[in-house]
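# Summary of structural features
For reference, the chains in residue letters:
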Amino acid sequence: MERIESTFGRIMIHVVLVVFAAYSMTPFFWSALQSIKTLKDANSRTPKFIFTPTLENYQELWLRSVPDNGATIAYFLIMAVVILICLLLFAEHIPVGNGLIYGGVALGFVVLLWAIPRLVDTTDFYDYFINTVIVTVGTIVVSISIGCLAGYSLARYSGHAAVVVLIGALAFRALPRLAFILPYYWIGTLTNLMDSRLLVILALVAVNQPFTIWMLRSFFMEIPNEIEESAMIDGANRLVAFVRVIVPITWPGIISTSLFTLLLAYNEFLLVKVLTQSNWTLPVAISRFTAGGAASPSVSARIPLGAAASISATIPIVLVILFFQKNLVKGLTAGAVKG
Amino acid sequence: MKRSTFFRFASPSIIIMTLLMVIPLGMAIYLGLHYMTYANVTSPQFVGLRNYVNVLSDPRFWQSFRFTALFIVVVVPARMLIGFVIALLLDQVSSLLRGIYLSIFLLPFIVVPVVGAIMFKQLFEASGLVAWMYRELLNQRFLYTETSVKALILIHGVWQVAPYPLVTYFAGLQTLSQDLLEAASIDGASRWQKIRHIIIPHVSTLTISLLLFSLMDAYRIFDNVFVLSGLNPVYKADTIMTYTYQQAMKVQRLGKANAMAVLTVVGILVILIPSLVQSYREQIEER
């Protein structure tokens, strides 16, 4: 629509947007502030905006004890992370194969995550973080690989069976999770698979599969049939044609879908809460910073520690999203536009 | 594509969905007909429809049902209206500011729901920013009561999910034909008439799909309520999902909880069957 030109109108637009931005931001701003206050400052009745910032909450959350050479270790860890992120950001400009760089960076992060608890004395919060990484990555890998095969075949096969699968998936996508999760608890107890990361990953894959195949199918439908047909005339079978020709073209769509899978797996609370006893992921681990949970710290300690835990869990996801924001917005709109 | 190829490609996905969704749903129906606690997990005792009678005559079930209905009636329209209005306003600002605003607006959507709820709750704790303003401006203490906890859950519900309709509507506005708007301007249409007769019809299909997804999500809301009400019976702010969870995990009425889960499945399916039938027809026609 054409722009509102009056000064008053323009000011009002920005007032409304700023108010809404404040509504969106305030909880983050406040928690970030609370997380760098001392126990006493964080519990003060009149909010302190001017105070000496401290990292003691983060330290208490992540570390059991502080080593003597802590500053040196922290320095090297931060440098390693910065180097890895820079490699990722400038991968396009480095004259080595992109796949090689991404693989190397991934390996670098794995080594880093493995090395940290061997260098410093980490708390169980670090174990929950590692669990979350394992569960999230596992879910993405399994869900996207089987989802691509299914989404592609659903886009190309015109028989009645495909319609049945699609509509069935749509119906199951609408159902409340609890209807599957309570029986999982039963399965988990009967088979002694309780607390196993594998069951959590498979369950997450299953509950996200309906969404994943619908979304991937919509991306595969955009690609004309002729492309893999010409590859198949050249002698490739359908699977090879799919992997070599179709997947590379659809890559941006696959990234969008992976992002949603990442958010769903990283955020999942109920399923993990029911299926685990100690192998928690971050949402379950953090929920004990509210009143009433088992193993929750004292009321006054909950405020700054809960804030530090919340911010710690948010930073990785914000970094990933900032990196892939275009894909996220693309996926959000594709999902809605196509139903 | 041949039928056999289709099944070869789709089978891993179909198998995992069958094993971990279709069969568990069958189990839920089976367990709903049995009496089961942690003590007899291996040998559930058949009780027929007694669990269902129990659920339907449980006043707390109806209480949680009413709160879920309230949540849907308040949050779904509010998030869509806010999303639509903010998207219209966002369309008016320059593209640089737009990107910044959009990143900020997306934050509540990408943050872990449990974490978002905890951050929200911290504002209302005795040491929190909102509780302090409450004291300064209204000269009252902010207390957790049934009403205030329910209000908190509703406000947080809107906060968390408004970005999704916002982004969708915003993308929908970008695909609007400018010619149509110009023609309307030449005919002397006012801004409001353009919104009413051009923009709203343009986004109507979006609105219907958003409405369906919002309804589904609001119906199964769990994480935020779990954190914000702390499953505290005093607040009486349970939704159907948190009440079912509480019955299963806290008081160990696994049979009754499964019966409740089956009832919620029936409930949402009744609402969704028209749209499922419609999607089925569309899919058949497409072929």
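The numbers attached to residues start from 1 for each chain and follow its sequence in the written order. Each chain takes a letter, starting from A, and each ligand takes a number, starting from 1, following the order in which they are written. In view of the model being predicted, local features appear only for residues whose pLDDT reaches at least 70, and side-chain atom pairs are presented and counted only at 80 or more, with totals across whole chains, interfaces and linings using the full set of residues. Side-chain metrics rest on all non-hydrogen atoms present in the structure, leaving aside hydrogens and water.

## Brief notes about the overall build of chain B
Within chain B, the regular secondary structure consists of 14 helices and two strands. A principal-axis box enclosing the C-alpha atoms of chain B has dimensions of 75 × 70 × 30 Å. Within chain B, residue pairs in contact and separated by at least 24 positions form 66% of the contacts whose partners lie at least 6 positions apart. Carbon and sulfur atoms form 65% of the exposed surface of chain B, whose accessible area is close to 12900 Å². Within this scheme the basic residues Lys and Arg register as positive and the acidic residues Asp and Glu register as negative, but His and the chain ends are omitted. Where a charge lies is defined by one atom per residue type: Lys uses NZ, Arg uses CZ, Asp uses CG and Glu uses CD. Positive and negative charge centroids in chain B, built from 22 and 14 side chains respectively, lie 11 Å apart. Runs of E in the DSSP output that reach at least two residues are strands. Runs of H or I that reach at least four are helices, and both are numbered from the N terminus. The contact criterion used is simple: two residues touch if any of their non-hydrogen atoms lie within 4.5 Å. Note on areas: Shrake-Rupley with a 1.4 Å probe; residue coverage comes only from the protein chains shown.

## Quick look at the confidence of the model for chain A
By definition, pLDDT measures how confident the predictor is in each residue, and it falls between 0 and 100. Across chain A, the average pLDDT comes to 87, with 95% of residues at or above 70. The secondary structure element of chain A with the lowest average pLDDT is helix 15 (residues 325-337) of chain A, at 68, and the one with the highest is helix 6 (residues 124-156) of chain A, at 95.

## Regarding unusual backbone geometry
With the exception of glycine, the majority of residues adopt a negative phi angle, and the majority of peptide bonds are in the trans configuration. Positioned with a positive phi, A:D195 is a non-glycine residue whose angle comes to about 75°. Here A:D195 shows up in the loop between helix 8 (178-191) and helix 9 (197-221). Partly exposed describes any residue whose relative accessible area lies between the buried limit of under 20% and the exposed limit of over 50%, with all areas from a 1.4 Å probe on protein chains only and scaled to the type maximum. Classification of A:D195 by relative accessible area gives buried; the value is 16%. A positive phi angle, near 60°, is found at B:Q252, a position not held by glycine. Along the polypeptide, B:Q252 turns up in the loop between helix 13 (240-250) and helix 14 (254-286).

## Side note on the environment of A:L61
All names here are of chain A. Examined against the element boundaries, L61 turns out to sit in helix 3 (residues 56-62). For L61 and G306, which are 245 residues apart along the polypeptide, the C-alpha to C-alpha distance reads 9.1 Å. Once residues within four sequence positions are removed from consideration, L61 is found in contact with T123, F125, F289, L305, A308, A309 and S312.

## Considering the confidence of the model for chain B
Note that predicted coordinates carrying low pLDDT should not be read in detail. Residue-level pLDDT values for chain B average 89, and 99% of them are 70 or greater. For chain B, per-element mean pLDDT is lowest for helix 9 (residues 178-186) of chain B, which scores 84, and highest for helix 3 (residues 59-90) of chain B, which scores 94.

## So, the side chain of B:D223
The residue B:D223 is located in helix 12 (residues 223-229) in this model. Here, a salt bridge means any Lys or Arg side-chain nitrogen found within 4 Å of an Asp or Glu carboxyl oxygen. Look at B:D223: it is buried, it has no salt bridge, and the nearest opposite charge is A:R177 at 7.5 Å. Beyond its immediate stretch of four places on either side in the chain, B:D223 contacts A:N267, A:F269, A:L270, B:P113 and B:V114.

## Describing the interface of chain B and chain A
Listed by partner, the interface residues are 111 residues for chain B and 108 residues for chain A. Across the chain B to chain A interface the summed buried area is about 9900 Å²; carbon plus sulfur atoms make up 76%. Three residues stand out in chain B for area buried against chain A, namely B:M1, B:F9 and B:Q92, and they jointly supply 8% of the buried area on that side. Along the contact surface separating chain B from chain A lie zero salt bridges. Residues adjacent in sequence count toward polar contacts only when both atoms are side-chain atoms; beyond that, a polar contact is any pair of N or O atoms within 3.5 Å, and within protein one must be able to donate a hydrogen and the other to accept it. Along the contact surface separating chain B from chain A lie 14 residue pairs in polar contact (both at pLDDT 80 or more). In terms of residue count, the dominant contributor to the side of chain B that touches chain A is helix 1 (residues 3-32) of chain B (20 residues). Its residues assigned to classes, the side of chain B that touches chain A shows 81 nonpolar, 18 polar and 12 charged. Here the quantity called buried area is the total loss of accessible area, with a 1.4 Å probe, experienced by two parts when brought into contact, counted for both. For this classification, Asp, Glu, Lys and Arg are treated as charged, while Ala, Val, Leu, Ile, Met, Phe, Trp, Tyr, Cys and Pro are nonpolar and the rest, including Gly, are polar.

## A short note on the domain arrangement of chain A
Residue and element names in this part refer to chain A. For chain A, the assigned domains are domain 1 (67-119) and domain 2 (124-333). Taken over C-alpha atoms, the centre of domain 1 sits 25 Å from the centre of domain 2. Residue-level contacts link six residues of domain 1 with five residues of domain 2. Ranking the residues of domain 1 by area buried against domain 2 places L88, L89 and L113 at the top, with a combined share of 70%. Applying the counting criterion to the domain 1 and domain 2 interface returns zero salt bridges. Our count for the contact surface shared by domain 1 and domain 2 stands at one residue pair in polar contact (both at pLDDT 80 or more). Contributions of two or more residues to the side of domain 1 that touches domain 2 are made by helix 4 (70-89) and helix 5 (98-119). No other element matches the four residues that helix 5 contributes to the side of domain 1 that touches domain 2. Partitioning the side of domain 1 that touches domain 2 into residue classes produces six nonpolar, no polar and no charged. Note that domain bounds follow an automatic or database assignment of domains.

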